[in-house]
Every structure is written in structure tokens, then in C-alpha cells.
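Single-letter residue listing:
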Amino acid sequence: NVNIIEFLGKWGQAIARARCAFAIMLHLNEGRFWATWRCVLRGCVPKKLLVYASKYSHEFEESCGFGWKYAAEPEHDWSTLIANKNAEIQRLTGIYKSTLKNAGVELIEGRGKIVDPHTVDVDGKLYSAKNILISVGGRPFIPDIPGSEYVVDSDAALDLPSKPKKIAIVGGGYIAVEFAGIFNGLQSDVHVFIRQKKVLRGFDEEIRDFVGEQMLLRGIEIHTEQSPQAIIKSSDGSLSLKTNKGTIDGFSHIMFATGRKPNTKNLGLESVGVKLKENGAIEVDEYSQTSVPSIWAVGDVTDRINLTPVALMEGGALAKTLFANKPTKPEYRAVPSAVFSQPPIGQVGLTEEQAIKEYGDVDVYTANFRPLKATLSGLPDRIFMKLIACAKTDKVLGLHICGEDSPEIIQGFAVAVKAGLTKADFDATVGIHPTAAEELVTMRTPTRKLRRTPSEGKTDSEFKAAAGV
Amino acid sequence: MARKMLIDGKLGNPNGEEIHYDFDLFVIGAGSGGVRASRFSAQYGAKVGICELPFHPISSEVIGGVGGTCVIRGCVPKKILVYGASFGPELQDARSYGWELNERIDFDWKKLLQKKTEEIVRLTGIYKRLLANAGVKLFEGEGRVVGPNEVEVVQLDGTKISYSAKNILIATGSRAQRVAIPGQELAITSDEALSLEELPKRAVVFGAGYIAVEFASIWRGMGATVDLFFRKELPLRGFDDEMRAVVARNLEGRGIKLHPTTNLTELVRTENGIKVCTDHGEELMADVVLFATGRAPNTKRLNLEAVGVELDKIGAVKVDEYSRTNLPTVWAIGDVTNRMNLTPVALMEGSCFAKTVFGGEPTKPDHTNVPCAVFCIPPLSVVGLSEEQAIEQANGDILVFTSTFNAMKNTISGRQEKTFMKLVVDAETDKVLGASMCGPDAPEIMQGIAIALKCGATKAQFDSTVGIHPSAAEEFVTMRSITRRIAAGKPKTNL
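Everything quoted here is computed from the prediction, not taken from an experiment.

Caption draft 1: Expanded view of the pairing of strand 15 (residues 246-251) of chain A. Bridging between strand 14 (residues 239-243) of chain A and strand 15 of chain A involves four bridges; their strand directions are antiparallel. Bridge assignment links Lys242 of chain A to a residue of strand 15 of chain A, and that residue is Thr247 of chain A.

Caption draft 2: The arrangement of the interface of chain B and chain A in detail. At the junction of the two partners, chain B supplies 78 residues and chain A supplies 81 residues. Summing both partners gives a buried area of about 6900 Å² for chain B against chain A, and 69% of it is carried by carbon and sulfur. Taken together, the links from chain B to chain A amount to zero salt bridges. In this structure, the connection of chain B to chain A is made through 21 residue pairs in polar contact (both at pLDDT 80 or more). With 13 residues, the top contributor of residues to the side of chain B that touches chain A is helix 3 (residues 75-94) of chain B. Here strand 3 (residues 68-70) of chain A pairs with strand 4 (residues 105-107) of chain B via three bridges, running antiparallel. Directly across from Lys69 of chain A, in strand 4 of chain B, lies its bridge partner Asp106 of chain B.

Caption draft 3: Structural detail: the packing of helix 1 (residues 32-43) of chain B against helix 4 (residues 109-133) of chain B. All names here are of chain B. Relative orientation of the contacting elements helix 1 and helix 4 amounts to 25°, with a least axis distance of 9 Å. As judged from the angle between their axes, helix 1 and helix 4 are roughly parallel. Crossing of helix 1 over helix 4 shows left-handed handedness. In this structure, helix 1 uses Val35, Ser38 and Arg39 to contact helix 4, whose residues at the interface are Tyr127, Leu130 and Leu131. Its residues placed into classes, the contact of helix 1 with helix 4 shows four nonpolar, one polar and one charged.

Caption draft 4: The environment of Phe210 of chain A, seen in detail. Residue and element names in this part refer to chain A. Here Phe210 shows up in helix 7 (residues 205-217). With a relative accessible area of 4%, Phe210 lands in the buried category. Separated by 85 residues in the primary sequence, Phe210 and Ile295 place their C-alpha atoms 44 Å from one another. Leave out the neighbours within four places in its chain, and Phe210 touches Asn368, Arg382, Ile383, Phe384 and Cys402.

Caption draft 5: Up close: the packing of aromatic side chains. Residue and element names in this part refer to chain A. As enumerated under the stated definition, the model contains 22 aromatic pairs over all chains in all. Summarising the aromatic geometry, the rings of Phe193 and Phe251 are spaced 6.2 Å apart at their centres and angled 80° between planes, so their arrangement reads as edge-to-face. Linking Phe193 in strand 11 (residues 189-193) with Phe251 in strand 15, this pair joins segments that are 58 residues apart in sequence. Residue Phe193 shares its accessibility class with Phe251, and that shared class is buried. Between Phe413 and Phe426 the ring centres are 5.8 Å apart and the planes differ by 40°, which places this aromatic pair in the tilted class. In this pair, Phe413 sits in helix 12 (residues 406-418) while Phe426 sits in helix 13 (residues 423-428), placing the two residues 13 residues apart along the sequence. Relative accessible area serves as the criterion here: at 0%, Phe426 is assigned to the buried category.

Rules and cut-offs
Residues numbered from 1 in each chain as written. Chains lettered and ligands numbered in written order. Predicted model: local features only at pLDDT ≥ 70, side-chain atom pairs only at ≥ 80, totals over all residues. Heavy atoms only, no water. Pairing = 2+ DSSP bridges. Helix = DSSP H or I, 4+ residues; strand = E, 2+ residues; numbered from the N terminus. Contact = heavy atoms within 4.5 Å. Buried area = accessible area lost by both parts, 1.4 Å probe. Salt bridge = Lys/Arg side-chain N within 4 Å of Asp/Glu carboxyl O. Polar contact = N/O pair within 3.5 Å; in protein donor to acceptor, adjacent residues only side chain to side chain. Axes fitted to C-alpha atoms, helices over the stretch in contact; angles between N-to-C directions. Parallel < 35°, antiparallel > 145°, perpendicular 65-115°, else oblique. Left-handed = near helix turned anticlockwise from the far one by under 90°. Nonpolar A, V, L, I, M, F, W, Y, C, P; charged D, E, K, R; others polar. Buried < 20%, exposed > 50% of the residue type's maximum accessible area, 1.4 Å probe, protein only. Phe/Tyr/Trp six-rings, centres within 6.5 Å; stacked < 30°, edge-to-face > 60°.

Dropping the structure here:
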């Protein structure tokens, strides 16, 4: 009897020992039966390596202001990067395979399907299990429009045979924005197409404005309020993108980063009675239990917060619930996250819009400044920081920063926000000098104080008008 | 004598008359502490005057500049040079990421120095404007204390003007010291190092503190041969011993030659450069010898002894918890008091001073759990207690959590340089007593950690915070296994 859940429990330990987080996924594409580790092979890790590679062009520019001189403009060789990136991923995969083995986990490669509440079928062989955990993650979603077969998704974008000369990226979420920065930094001509007016819907509005501006300053073209309708391939091989506003020609590549869908097709879920949401995500309760008591689900397939560290948390909590006799609910308050755009974003807690809705009276502190490096490089780089405090309790409700090192900076602040610390606690902490981060403990004057009128609630627009937003 | 609180700048006189003073506050020294104290006091309604020596990047007893050490010859130019130096190794790493660079990448030291000078001049101008906007009157010249309510400013042309002040604040900072060995005049201090005409090809650095280690990294990053000499086994005495060892290892990994337990005995000028002699009998040649062997408070010419202000044995002004000297109307903040010689601490002391004396709210600066950073390459940043301090101070057991790894960026470039992170926890209360990190971005990462630590956050609170991925910082919230447990009452070592 294979106890598939034990697999995850020890896995949780293994995850903790290995520095990099990951979730195992049985790839369920028709005709492809291989186990992949999303974060390591197709997500966080290769993404970050490509971000590092692409940042250098900006650093070369910066270094000129610091006295460095290049006899010739540095040029980038895509194949060297991809080869080195793949070598690193191979190395990591090897490490994780042996970590699994050392943890005593039995890895079965194949296509899994649920037969009944205690039975799993893998390529025809049946295994019984006391508990079954579904953690198959998600996959890129590409809308079914004419010419979609010419489109690349994020998976393919990480392994293109050659660097795009001119690329259209359709989408406004973090994946689109990160890839825009990557290809732009590697000297491609980048055009982003979004349906909204700004990128990164759901993020703090001022952050959306700021990162959009900074992307424009770096040479990325953003085409707003456009919906893709068709892709046309011309005789010379170049691609054209037709949207509701017209057609743009001459792309060597078109990438769609238009959302991800949970990988729940052909798992046998409907027949065994596991309830799904409208978008295909598995419905779970606070303990990650599905509608079938012996079946559980964690990670992107449940579409809660789709981040590796959250999947880790959900997996760890589940292991405790099932095997440590300690029912544990994953906690979703104040989960920090980052977007590795250029410049990158770090955030924790509520956006200003959410804070106003939930708390009414809030004080907003902002800083928008040129970092020391930029005063010498002469580049238009800036950093934007925002701290939102509850006017009544002084608790810090949200922090949003966009600028170099934001993801690294925000982690420590997330501990403070999660612990419910106040603006006064922040202010009592001495700054580290000279850094960018110290700005967050030296914000003395609110940029705006937002107050609900005592007699009646204001509408959002009245609020904003009073606030001068 | 009872301390009097000053409201509206008027001190009541037993006879019922009011004494008129030129200023409610006169500040000697317009550096980080002095400017902060002046502006905030003025904001509370005080009439403030401040004096400062004329501007030049290289200080002397009679030369300084508005903005002080931090802006002109400290934090800011230092960071600029660290940025400049960091690009060197970065450019090498870029190749493994597919970038094709010429073998020869030139570095123009003069250009960097020129831009550095432009920046510090710009900042000094900004500080002057800040003072003017706050309504603080700025005098150029050398100030000294003449009486409990009187200062004298010697102007550039030699004329002396006296001002009466209800309160006097000394904020004259500190200056680099030289070692008294034969040939010491051939050596430079950090002032000159930040304004060198030429980039040295061979640099010798003598000292073990943050200044020595930072300059060693700066010059090495720019391609110089660097030899670092210090008297102890490891640099950065006072820091966590394990972190000191990590820093030393990293410096060596970058090609800096370390010479521990060594003293310099003599410097001799030769045709080929400066001959440096050590107490181990070694001799080597250098283009530049940097003494980074300590800084002393600037109190010699202030006339303090005559007025009766107490100094300690190294010349620092003695102050109480409110930054007041033994004279009730004379106060001191910043490096001249030699408490914690960091710009943000001077700022804090200045703010607290203004609040106490003019804001009607006596406020003691809090010197506990102050984070700081050393900008060697890669940098070190710490907050709270070192492991040694925790063991010494704790009643119960101490838990140490560590994480060592090669940063993701290095995996492709092949650079073998481990990032090291550490949490020191009180086993009984679960409180995080200290955090430290040596690795890229450590100073930026530590700021948020410092808030949590200062507020008594527990390891459990750290662990309940979800990580940001992929980052180095997330290690601080994912340290699950105890590296070692130290029982209470274990004796400390002395490296």
C-alpha cells in the first residue's frame, strides 16, 4: 500500500532542508507523462536567472556614470545563457531527486488518475492510499483565437531557440511584466498589449502607475485597452497581432501571458465526486480538504494564493494536520509577494484601495526619490515607497515598494506587518545608512490622511476626490 | 541644579526679569546631528544659530563643511565608491550570463572622483537650504564655548564674534587618527582615500574596523592589489565572531591578502613607492598606505576644559541619557559623545534633544537594537546581540539558527562565495535576540528585520511569515533546524 500522503509529509521536511521551494506535479498534457517541478524547471528559478541576465544591460549603463568604460557596446548571446541556465536546472533537478530518495519517498513516474476515494491509477497500475493529495498546479492559458498555434507561452519563452528580435507580449499580470523586462534587458524590441489602462490589475494603484512609467523609461512600449483577436503569420515568417484597435506587424515572436488554469482535466475528479470551482480549481476547506474526506489539495490547483511559499505553507499545514495530530490551517493574512519586473516590486498587506474599504480612516505615507546610484549614473531610475497605517490603531496595514532590491527589502518588513506592528514601532527603529530601506522607517509626514465623514459613508470617488488622488 | 524645561525659549529669572539671549540654541557643528537638532528645535519655535568650518573634502582642525562627515567624507562618498567598485566583479560575472564584453574594460578613477565631488557639493548645498528653510542662522567659522551661555565664532578673516545662547549644543563629530610610527606622514586617512588623485595599484590598509574593511573591498574591486593588516585574529572586533570569520573568508575569496595579528612598525619613502615594515619582519611596497585605526572626538579646540565641561579619557564629551553635559545649559550629540557612531543614531540623538529641550517632552535616545551595516563586498549587516553577547547576557539557553548557501546569481557565474545568515534566539522566551547576514543586499534586507527584533518578535512570528521567493531574505523566515544550542553559563572566547 502506497501512502501517497506520507510522500508529501516527508517532502515537507525535504523542502525545508533544500533551500529552494518547489511542488511536485504530474504533468497531464495529452501525450506527455513526465514529472516536473514547476518552480525549478519552469517558474521561479529559470525566471530569476533570466532576470539576472537581463539586468546587466542596465548595469552596464549605470557603470558608465561610475567611471567604467567599454571599448565596444556589450552584446548578448542568447544561446550561452540558455545553455548555462539549463545546466543549472539539470543540476538542481538531480539534487531534488536524491533529496526525495533520501527522505524515503517513493517516486512513481506516470500519469495519475483517481479511481475512487482510496485508489489511484498510474498508467494502468493501481495503488491504494489512506489519503490522496492533489497538487498538480496550473498551466498557462491561451485563448482559442485564430493563429493561437503560433503563440508561445511562458514555458516556451524560457527555452526559445533564439532571442526574439521584436516580441509582442499579450497580458498585464506579473508574468507578462517580468518577461517584458527580461526581453527588453536582453535588447529585444518589446511591445506589451493589455486590456486594461495599466499593468498589474489588483496591485496598489500608485504602484501600477509607477512601474508602468519606469517600464516606458526603459524602452518598453505598452499598448493599453487592446484585446487580441488573431495572429497572422506572413510569408516571410514574421507575425502580426490583430487587436480591437488594429494590427501591428513585424513580430518575430508573440507570447501570451494571459492567465493560468488549474490542471484538473482528466484526473477523474468529477466521477469520484470532488467539487470544482467554475474555473476548474479544486474546492477545499480551511484545512485543504476537498468534498471527499480522504482527498486533499494544495497549491495552484486550489487557486488560493498562487505562490511557491504559500504552496509550501499549505503543504506543511496539511502534513501537520494529517500526521502530527495537530490540525493546522494555512494563514493567508499579510502574505508578502514580489514581481521581478525591472524595476521590481515588493508588497505586503493591503493596497490603499483595500485599506480604505476595510478600515475607512487611513494615513498614507509615500516617498518617491532618486536613489544614490541614479544621481551618479544619470539614469531616470527612481524608487517609490508607500506605507498605509490605520488612523485609529496606528497598525501598518500595507507596504508597497517599487525599485531596485524591493523584494529583498520587503521580507523583513513582512515579519513586522504580520506581527501587527505599528507605524510608531517602525519610526522607533533606527535606520541603516545609507540604504533605500531606511526610508521606510523615516517617513514622518503623511502624504494624505483619508477620513470617512462621521455621519455617512462616502463613496469611493468622493473619498478619492477629498484625498486628491 | 534642577533641570529647567524651556518653553517659548524664555527662562524665568528669580527677580522676575527675563534674560535676553541672542539665540535659544547655538549649535557648534553642522553635521548629521547638528543639522537635525537645529532644524527640529527651530520647528518647535526656538531661535537657532549654528556654526561650521569652511568646506573641503579633506578635513582638518579648521576645515569641515555643512553636512559633516557623513555627507562629505563618510557614508555618502563611501557608498559611491563601493558602487563603483562593485561593478568590477559584476562585469566579470556577466559573461557567464551570455554577455560578450571586451577583455579590456577600463575604469576611470578620476571620472568617479569627479562625480563623487559633484554629488557631495550638491548635498552640502541641500543641507544649507534645509537650515535656511527652517530659519536657522548659519555662521561660517570655528566655534568654541566661552561660558555656559556664550559661544565665540572665529570667522575666516580672524575676527571673533560672541553670541549668547540659552543652550549650547556641541556636535563637532570626530576625525581619523594616525598611528605614531616612523614615516606616519606618508600614510593617509579615509579623508584622503576618498579624494585620491590616482587609483593605487598596490594598497596597504592598516586597521580592522569597518573603514579598513570597506576600503580594502573598494580598492580590490577596482583592480588594485590589497594587503590588509590588523592586530587581532579577525577583523571587525565587537561583531559576532562567526560573522567576522565569514567576512574574512569573503575578503580572501575576492583576492584581498589578510595579515592577522600584525602591526605596522615603519613606513619609508623609496623610488618604487612606500616601503611598509611589519612586526613580523616582513617588508612590502605600496603606492598608498591607509591608516584606518580609529577616530577621535573633535573636542581639542572647543575650550571645554576651561568652561568646565567634562570629557572622558579619549576626549569625548560626557553626557547623561538626555545628551546633557555636566553643565545644565550645555549639551552634546553625535560622534563627539562617542556613544554609537552612526549617522542615524546622531539623527535620533538630535531629534530627542530637540524634543527634550524645546518640545516639552523629555526623550531619551534609545541605543538598543540599533541595526548597522559594513559595506565590504559582499556586505555585512547586523541587529541586536551577537552570539557571544547573547550567551553572556542570557539567563537560559541560547538557540542558534544558521543558513549558508551560494546565492542563486553565483550558480551561473561560478563565483564561490557563500551567503551566511544567522538568528540568535532565547530558548525560553523564543525571542529573537540577534540577526546577522553577510551576503549581497544584507543591509537592505536587515532594515525590516530590525523593526521586528526591536519589538521583541519571536522566532515563531518570524516562521509564521510567508517567504518571498526567490530571494535571499526568505531564509530568515524559513530556518527550521537548530544549528546549535548553547547551555546557560558557557564562558565566552576572546578573539
